[in-house]
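# Architecture and fold: a report
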Protein chains: 2
Amino acid sequence: MADVRTRPSTPETLTIMGGGLVGSLLSLYLARHGHAVEVFERRPDIRGTDPVEARSINLALSDRGWRALEGVGIAEAVREVAIAMHGRVMHDVQGNLTVQPYGQAGQSIYSVSRAGLNRRMLDLVEQEPAIKLFFNQQCRRVDLRKQELEMLDTATQQSRVVSYQRLFGVDGAYSAVRGAMQRTDRFNYSQQYLDYGYKELTIAAAPGGEWPIEKHALHIWPRGQYMMIALPNLDGSFNCTLFFPYEGPASFAALQTPDQVREFFTAVFPDAVPLMPELETEFFENPTSSLVTVRCFPWAHQDEVLLLGDAAHAIVPFYGQGMNAGFEDCTVLNELLARHGHDWAAIFQEFEDSRKPNADAMADLAVYNFEEMRDRVADPRFLLQKKIESQISAQYPHKWLPLYSQVTFSSLPYAEAWANGQAQERIMQRLMPHIQTEADYQRPEVQQLVAEEMARRPG
Amino acid sequence: MADVRTRPSTPETLTIMGGGLVGSLLSLYLARHGHAVEVFERRPDIRGTDPVEARSINLALSDRGWRALEGVGIAEAVREVAIAMHGRVMHDVQGNLTVQPYGQAGQSIYSVSRAGLNRRMLDLVEQEPAIKLFFNQQCRRVDLRKQELEMLDTATQQSRVVSYQRLFGVDGAYSAVRGAMQRTDRFNYSQQYLDYGYKELTIAAAPGGEWPIEKHALHIWPRGQYMMIALPNLDGSFNCTLFFPYEGPASFAALQTPDQVREFFTAVFPDAVPLMPELETEFFENPTSSLVTVRCFPWAHQDEVLLLGDAAHAIVPFYGQGMNAGFEDCTVLNELLARHGHDWAAIFQEFEDSRKPNADAMADLAVYNFEEMRDRVADPRFLLQKKIESQISAQYPHKWLPLYSQVTFSSLPYAEAWANGQAQERIMQRLMPHIQTEADYQRPEVQQLVAEEMARRPG
């Protein structure tokens, strides 16, 4: 094992651990502020990998994400590989469909391939002369006291020690940088797993590369204690994800043979099964992955290290906000860089103080939305309530924005969105007993109740 | 770095990581069941250390701890170095004292020196031929898959790899064994720190080795947002602990000079200061230590590894139950060993399933009792409530045991104690508005209310 010590090229070079989506975007923002940046990424360059092998999950890009991409002028490049999803399409056990728009007309979330997006962002990063990208860099050790990293080049198996002045830990839910901070005194930390795992499956493209189900939607097969979802790909296929208990009567543990899988899927997802020719193969070849929420604090170690993205706040995927929250971290940091210049102590402290409550709220929202997606969206009363909310929002636009829209189509801090959403839910609980159909919203009694509730709200 | 592979002497050898209080006791229990045991302890043999240098905190041994010590026949040996504390003595800012007995007559908790207790237990362990003790053994790595430990002998700086068949992680709040388990999938983990630190101080013995304040009591200087406590030593001195905020107007951060320390202590602990000749020296030489609660699950890795004691459930010290809970782990495991023999899978699973809710309850109780000790015990209404509770307990012994007694003087599972205690507190909240003095308990109106409440309770 060689131990080659290298120093960053200039004293002001910033070090980023992690060249994933948030790490790439962060490097662009830091370079825009005049800093030299070195990015260390554990994996090989994803652009050298066969796209089929690098097949990855899809992500839902929404307003916060777009805003962060626009901040460095790369939104248009990303938009070319994104597919708009205008709403949810629910598939019941008979194969009947129900549509629920996500927002007002023209408001959509966007299906993007994680791998495709990462490739495109790395291309943009590489055009930036101030940024140096290093792949195959596995972080073996972070020495916070000496400000040193032990990096193993997995291609050459050479180890070296890299000094840093300022380290940004953007190395994901299992962050090595956070691992070192966890061993410092008074570092609060938790990792909590759901009793659910997930498995990636595929709905194949129709002949001619057409989409066999509605292209511009996020499809959900809500089944109470579990669900499957599907997001469109550019090639006509859909990436499906089964969210499923590890144990129990309907669970990963209960499906042990190809026959059991086919029988189960045919019973509960009958309209999807004919579109999934590789079902049994994929079910047993693809891994079952776990679902973790990570919370920690502080995010900064003195003015030397800062955690962002999943390293600071990994969440479960049910609100489609993991990447968007990480991108918004970059927006927030960008504002602080503009305001505080080189006062890193001020930047780091304001970042963690202002951002932590929002990360906590988003973590709660993500768990909350799992129940909504797998269970409540199958309930006609729930869908009626959403329609009534939509009417309230149209009638009182300054008083009412549905929770989903606050999270997805606004840049309101997550903590405020969550508090607003809970207050609105309490109002709906008082209102819905008076409502049986969408038309009931116009009844004088209901209009009176709504007017009274709205009078009590700020706006 | 030498890499000497050693195998445990027989296939049935059990491996214990940690030779502290719980590790020592556990080794005795496992040996009693016919197992060969190897114990690896990170520190040097504490018995070779100068007792003054090894000066350590005092612990409060109570019924659960005694029961576990009795189970291996070592209670009497420990009783020789323990000092009974019959109750709390509260010191107010004028130096006035208030006494609150811990339980019924004859019920006490016991002050023991952690170092002294550990020494005595190591002596007992060493007399057991089936147990091998290794000191200066720092665990560098736990490989759960290969069932291997990388151990560094800190005396010789030799490293070796030790295989294990069955590993008991009793290596404390910062457990290396748990550290390895934390990196396995679906391991729930949290470490949460209080915003308080603590510092050890000393009240000196009076001339002739006498105790300058009441020997048979736990002394508390409750001051709302902070407190000092003192436990008696055998030599006439008391170990004091200041529990104090890290930041704020009265805090470690606010006391930066010897003069500031003396001025502050003289103002808030006036009767203690004349008894603390080394106050300023100790304040700046002794470390400020943090207060952490660790929760995790599972505690078992297959039928190969089990966490016990602080490694599984580190708690803050305010109920004096940390050691007692760890010792009770041994009692519970002992019962399971007797019941399940060599069926380690059954033993480990029943241990973690039955013990986890009790560990969680004890963690909550410990944080709850901090507020009681630093704040509520200074409130005459709180002390009156405790006296009324005592009367209820005397009148309805099968219906009512004060929470403190359930935790400290019973072996009721902690989770039941905590639930009972909360139910009893709700009753006291309904009762106390009718009570102004201790004598009011006999008023017919109050007796009627109590009778009604008791009629609704199981017992």
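Not measured: the values here are computed from a predicted model.

Parameters and conventions
- Residues numbered from 1 in each chain as written.
- Chains lettered and ligands numbered in written order.
- Predicted model: local features only at pLDDT ≥ 70, side-chain atom pairs only at ≥ 80, totals over all residues.
- Heavy atoms only, no water.
- Helix = DSSP H or I, 4+ residues; strand = E, 2+ residues; numbered from the N terminus.
- Rg over C-alpha atoms; globule rule 2.2 N^0.38 Å.
- Buried < 20%, exposed > 50% of the residue type's maximum accessible area, 1.4 Å probe, protein only.
- Contact = heavy atoms within 4.5 Å.
- Areas by Shrake-Rupley, 256 points an atom, 1.4 Å probe, with all protein chains shown as cover.
- Lys, Arg positive; Asp, Glu negative; His and termini not counted.
- Charge placed at Lys NZ, Arg CZ, Asp CG, Glu CD.
- Axes fitted to C-alpha atoms, helices over the stretch in contact; angles between N-to-C directions.
- Parallel < 35°, antiparallel > 145°, perpendicular 65-115°, else oblique.
- Nonpolar A, V, L, I, M, F, W, Y, C, P; charged D, E, K, R; others polar.
- Domains from an automatic or database assignment.
- Salt bridge = Lys/Arg side-chain N within 4 Å of Asp/Glu carboxyl O.
- Core = buried A, V, L, I, M, F, W, Y, C linked by side-chain atoms within 4.5 Å.
- Pairing = 2+ DSSP bridges.
- Least-squares fit on C-alpha atoms with pLDDT ≥ 70 in both.
- Disulfide = S-S within 2.5 Å.

## Here we look at the overall build of chain A
From N to C terminus, chain A includes 14 helices and 20 strands. On C-alpha atoms alone, chain A measures out to a radius of gyration of 23 Å, which is about the 23 Å that the 2.2 N^0.38 rule sets for 459 residues. Once the C-alpha set of chain A is aligned to its principal axes, its extents read approximately 75 × 60 × 40 Å. For chain A, buried positions account for 55% of its 459 residues. Within chain A, contacts between residues separated by at least 24 positions form 70% of all contacts whose residues are at least 6 apart in sequence. As displayed, chain A has an accessible area near 19,300 Å², and 51% of this comes from carbon and sulfur atoms. Positive and negative side-chain charges in chain A, numbering 43 and 58 respectively, have mean positions lying 4 Å apart.

## Here we look at the packing of helix α10 (residues 344-374) of chain B against helix α13 (residues 414-431) of chain B
Two quantities define a packed helix pair, namely the angle between the axes and the distance from one axis to the other. Residue and element names in this part refer to chain B. It is at 7 Å that the axes of α10 and α13 come closest, and there the two elements cross at 45°. In terms of their interaxial angle, α10 and α13 are classed as oblique. Contacts from Arg355, Pro357, Asn358, Ala361, Met362, Asp364, Leu365 and Tyr368 of α10 reach α13 at Tyr414, Ala415 and Trp418. For the contact of α10 with α13, the class distribution of residues is eight nonpolar, one polar and two charged.

## Looking at the domain arrangement of chain A
Here chain A is described as being made up of domain 1 (3-82 + 113-191 + 291-368), domain 2 (193-290) and domain 3 (379-455). The C-alpha-based centres of domain 2 of chain A and domain 3 of chain A are spaced at 33 Å.

## Focus on the pattern of salt bridges
Scanning the entire structure with this criterion turns up 54 salt bridges over all chains. A salt bridge links arginine 88 of chain A to glutamate 372 of chain A, with the nearest nitrogen and oxygen atoms 3.2 Å apart. Of the two residues, arginine 88 of chain A is situated in strand β6 (residues 87-91) and glutamate 372 of chain A in helix α10 (residues 344-374); the sequence distance between them amounts to 284 residues. For the pair arginine 88 of chain A and glutamate 372 of chain A, one class covers both residues: buried. Aspartate 440 of chain B is the partner of arginine 443 of chain B in a salt bridge, and the nearest nitrogen-oxygen pair spans 4.0 Å. Via salt bridges that share partners, Asp45, Arg47, Asp123 and Glu126 of chain A belong to a single interconnected network.

## Here's the deal with the nonpolar core
Judged by nonpolar contacts, the single largest core of 154 residues is most densely connected at Phe168 of chain A together with Phe168 of chain B. Phe318, Met362, Ala366 and Val407 of chain A belong to the second largest nonpolar core, which has 37 residues in total.

## Digging into unusual backbone geometry
In this structure, proline 298 of chain A follows phenylalanine 297 of chain A across a cis peptide bond, with omega equal to 0°. Backbone geometry places glutamine 157 of chain A, a non-glycine residue, at a positive phi of 60°. You can see glutamine 157 of chain A is positioned in the loop between β11 (148-153) and β12 (158-163). Look at asparagine 136 of chain B: it is not a glycine, yet its phi comes out positive at around 60°.

## So, the sheet that holds strand β19 (residues 300-301) of chain B
Residue and element names in this part refer to chain B. The mixed open sheet is built from six strands, whose spatial order is β9-β3-β2-β13-β20-β19. If you trace the sheet from one side to the other, it starts and ends with β9 (131-134) and β19, each paired once. Looking at chain direction, β19 and strand β20 (residues 305-307) are connected through two bridges and run antiparallel. When the bridges of β20 are listed, histidine 301 appears paired with valine 305. The strands touched by helix α1 (residues 21-32) within the sheet are β2 (14-17), β3 (37-40), β9 and β13 (166-169), with β2 carrying the most contacts at an inclination of about 170°.

## Notes on the relation of the copies chain A and chain B
Note on the copies: chain A fits chain B at an RMSD of 0.0 Å, the axial shift is 0.0 Å, and the rotation between them is 180°. On this basis, the relationship between the two copies can be described by a two-fold rotation axis. For chain A, the minimum C-alpha distance to the rotation axis belongs to serine 190 of chain A and amounts to 2.0 Å. Of the interface residues in chain A, 100% have counterparts in chain B that sit at the interface too, so the contact is made through matching surfaces.

## As for the state of the cysteines
Cysteine pairs can be covalently joined through their sulfur atoms, and such a bond is termed a disulfide. Applying the stated criterion to the full structure yields zero disulfides over all chains. In this structure cysteine 330 of chain A is a free cysteine whose sulfur lies 16 Å from that of cysteine 296 of chain A, the closest cysteine sulfur available. No disulfide involves cysteine 296 of chain B; its sulfur sits 16 Å from that of cysteine 139 of chain B, the nearest cysteine. A residue is classified by how much of its surface remains accessible, and cysteine 296 of chain B, at 2% relative accessible area, is buried.

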